[in-house]
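Structural overview
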Amino acid sequence: MKIDHPRAHRRACLKIVFSLLAVWFVVSYGCGILFREWLDAHAPQVGNAPFGFWMAQQGAIICFVILLVIYAVLMNRLDAKHGYTEGK
Amino acid sequence: MTQDHLNFIFIGISFALYIGIAVKSRAGSTKEYYTAGGGVSPFANGMATAADWMSAATFISMAGTVALSGYDASRFLMGWTGGFVLLTVLMVPYLRKFNKATVPDFVGDRYYSKLARGVAVGCAIFICMTYIMGQMRGVGVVFSQLFGISITSGVIIGGTIVFFYAGLGGMKGITYTQVAQYCVMAFAYTIPAIFIAMALTGNVLPQMGLIGSYTAGGESVPFLEKLNNINTDLGFAEYTSGKLSPVNMFCITAALMCGTAGLPHVIVRFFTVKNVSAVRKSACWTLLFIAVIYLTAPTIGAFARVNLVEKLHDTPYVEAPYWVQEFEATGQMAWVDKNGDGKIQYYGPGKSDAGTNGVFQGKTPTYPTFGATEDQLIGKHGERLLANKADDSNPNELWFGNDIMVMANPHMAGLPMWVIALLMAGCIAAALSTAAGLLLVLSTSISHDLMKKILKPDLSDREEVSYARFASFVALAVAVYFGINPPSQFIAKTVAFAFGLAASSFFPTLLMGIFAKRMNREGAISGMLCGILFTFGYITYFQFLDGTPDQYFLGITPEGIGFVGMLINFGVAFLVSAFTPDPPQEVQDMVENIHIPSGSGEASHH
């Protein structure tokens, strides 16, 4: 049981990392570059800005900050679950 | 009180503050010199990293680039922030756990090879050198603006200042100075933007102004629509749609992101905090502080463009605002009266049959040499004359450097003098903080990785720090030289190359070092060499030799080629490692160990 600890932790950690990176890819490359023209034309505008343009210039950056906060919270919770938390 | 007095007061106060902090927290040991002793709080480190990260290029040129290219500039906005996501989830927690002072240290130990360490040192030096050149240029631009001197003298003055407080203070001195510098930068960047947003759109938040309506012209129209109309009327591409192909856009953004995650001077910043959990927290703060500036940059760019066109286009030169002549004097703006009507006309490539909008022949303005007669220097409307021949293939008469957008913005909007003074102080803070951080990595790479670990293992602590200080002096001298003679026209471009090189060397090598347990010495070294040689060759060919855009590989510009270099690095590394022996057991154990987040202790250099 003890032996399996690091491996389970690592698997869970990779799961978090890959899900966050998937979101990261969609908000930046997806919305901002690859599907920008389609989104500019079809998605609802943000204020007076076309959606794809806004994602590329503002939205993606906001999402990045949120992603990092989620990462820190999830990882700290995971560390605590596996007993890796360190005292202050 | 004149503008000059105010500038001096603001800059004087900020300098006194930096130097005071640097002297108070001066480094005593190598450990403090390299990683500030490993006890910086996540919040303070976040601020310092943000200041370190936001260079003169970000501060001065980025908004200008956005103003000029609209949507296309998103590659910088996303690239330089999105890289932090990669950096945080894939790199720094593991490297911090590994617990060494520098990035080549990790490469050397993980790939159990002095050669790997040597290649990494070479890459680190090269990347930092490319990057620091842009910074020195930035310092020069600010000082030339400030004192009305040439950019050359500006670069030299800036270099001297950086040497005195960074070369001597070490990481500990730099970290706390950068905290102060971030505060100056953030205020300097956002306050003018808020004023301008209120003037043009009636919104207090610039970000709301960008998506809001333009109200300054009487009736209210959507701001971006106004901007698109201005652009198309003058013969430029629409602001919200770009000219770059999606492939190129994708590659440049990817190269910038991966480059960010592989930049040695950013990675070492996270070695200054206590443990892995503090690293994660610190990364959140860092990106938040960076986002404050990056979310403002596109708004400044957009506002500046509207202001510039409204103020200058079709205005008689004699009635043009005072700052036009100031920028002419420093060679950052030029007007050639092609049609002889005495008015300034500003047009894009769409207005000429040749598809060009060059004002004169050649890339930058040149002026008649000393001893020229009065009528060779000053034209009949009082404008500064150029030595370049006019480019008569198009009607555009106004040339300006990208870099002036941020600097001219408060002038254009007629903001109070203290705002302009604050902006000057902010520009200098941006250039100094990044230059200092880079200088530190350069000097540690030389003193620690090259001297101590490769050439002279018996070096004492004290000698190592002396070597570091000496190395920073030499590095700075070289950087000053290239700051005066930049290999590329705009600051943002020079810096983009550093990212291409980081993306093709460190990012893949570190990533495989952390996640691919079976990656061995042979694979890593050959991958790193292939990646960086390919990228370096491609950039050199198109920047310094006679490569032309139609020879681009898949239409990818030199800025984005780092992404291809990275793929080559991965490919070669996995191929070579498949045919060579696995790494030794203790290295494989080490890789297992860096995935366990606890027990990182203090960063050390032993």
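Residues numbered from 1 in each chain as written. Chains lettered and ligands numbered in written order. Predicted model: local features only at pLDDT ≥ 70, side-chain atom pairs only at ≥ 80, totals over all residues.

Counting its regular elements, chain B contains 23 helices and six strands. For 606 residues, the compact-globule estimate of 2.2 N^0.38 gives 25 Å, and the C-alpha radius of gyration of chain B, at 24 Å, lies within 12% of that figure. Principal-axis analysis of the C-alpha atoms places the extent of chain B at approximately 80 × 55 × 50 Å. Here chain B holds 606 residues, and 60% of them are scored as buried. Intrachain contacts of chain B at a sequence separation of at least 6 include 83% that bridge at least 24 residues. (Helix = DSSP H or I, 4+ residues; strand = E, 2+ residues; numbered from the N terminus. Rg over C-alpha atoms; globule rule 2.2 N^0.38 Å. Buried ≥ 20, exposed ≤ 12 C-beta atoms within 10 Å, placed from the backbone. Contact = placed C-beta atoms within 7 Å.)

Another point: the confidence of the model for chain B. Residue and element names in this part refer to chain B. For chain B, mean pLDDT is 81; residues scoring 70 or higher make up 95% of the total. Per-element confidence in chain B ranges from a low mean pLDDT of 71 for helix H2 (residues 30-35) to a high of 91 for helix H22 (residues 561-578). Reported confidence for the predicted complex is 0.90 by ipTM and 0.86 by pTM. (pLDDT = per-residue confidence, 0-100.)

Turning next to the interface of chain A and chain B. Contacts between chain A and chain B engage 35 residues on the former and 42 residues on the latter. Elements represented by at least two residues in the side of chain A that touches chain B include exactly helix H1 (5-34) and helix H3 (51-81) of chain A. No other element matches H3(A), which puts 17 residues into the side of chain A that touches chain B. Looking at the side of chain A that touches chain B residue by residue, the class counts come to 25 nonpolar, seven polar and three charged. (Nonpolar A, V, L, I, M, F, W, Y, C, P; charged D, E, K, R; others polar.)

This paragraph deals with the environment of B:Ile446. All names here are of chain B. Secondary-structure assignment places isoleucine 446 in helix H17 (residues 417-455). Exposure remark for isoleucine 446: the 21 C-beta atoms within 10 Å place this residue in the buried category. In sequence terms isoleucine 446 and alanine 63 are 383 residues apart; their C-alpha atoms lie 35 Å from each other.

As a further point, take the nonpolar core. Counting residues in each nonpolar core, the largest one holds 229 residues, and the members touching the most others are B:Met185, B:Met424 and B:Leu439. In terms of domain composition, this core takes at least three residues from each of domain 1 (3-21 + 42-63 + 71-308 + 415-594) and domain 2 (309-409) of chain B. (Core = buried A, V, L, I, M, F, W, Y, C linked by C-beta atoms within 7 Å. Domains from an automatic or database assignment.)

Our next topic: the packing of helix H5 (residues 74-98) of chain B against helix H13 (residues 276-312) of chain B. Residues and elements named next belong to chain B. One way to put it is that H5 packs onto H13 with a least axis distance of 10 Å and a crossing angle of 170°. By the angle between their directions, the pair H5 and H13 is classed as roughly antiparallel. Every residue of H13 that contacts H5 at Leu77, Thr81, Phe84, Thr88, Val92, Pro93, Arg96 and Lys97 is listed here: Val276, Val279, Arg280, Ala283, Thr286, Leu287, Ile290, Ala291, Tyr294, Ala297 and Pro298. Classifying every residue of the contact of H5 with H13 by side-chain character gives 13 nonpolar, three polar and three charged. (Axes fitted to C-alpha atoms, helices over the stretch in contact; angles between N-to-C directions. Parallel < 35°, antiparallel > 145°, perpendicular 65-115°, else oblique.)

Our focus in this paragraph is the domain arrangement of chain B. Accessible area lost upon the coming together of the parts serves often as the stated size of an interface. Residue and element names in this part refer to chain B. Assigned domains of chain B: these are domain 1 (3-21 + 42-63 + 71-308 + 415-594) and domain 2 (309-409). For domain 1 versus domain 2, the separation of C-alpha centres amounts to 32 Å. Domain 1 puts 24 residues into the contact, and the matching count from domain 2 is 20 residues. Taken together, the elements giving at least two residues each to the side of domain 1 that touches domain 2 come down to helix H4 (56-69), helix H7 (114-147), helix H8 (151-201), helix H10 (223-234) and H13. At seven residues, H13 tops the list of elements feeding residues into the side of domain 1 that touches domain 2. Grouping the amino acids of the side of domain 1 that touches domain 2 by side-chain chemistry returns 15 nonpolar, eight polar and one charged.

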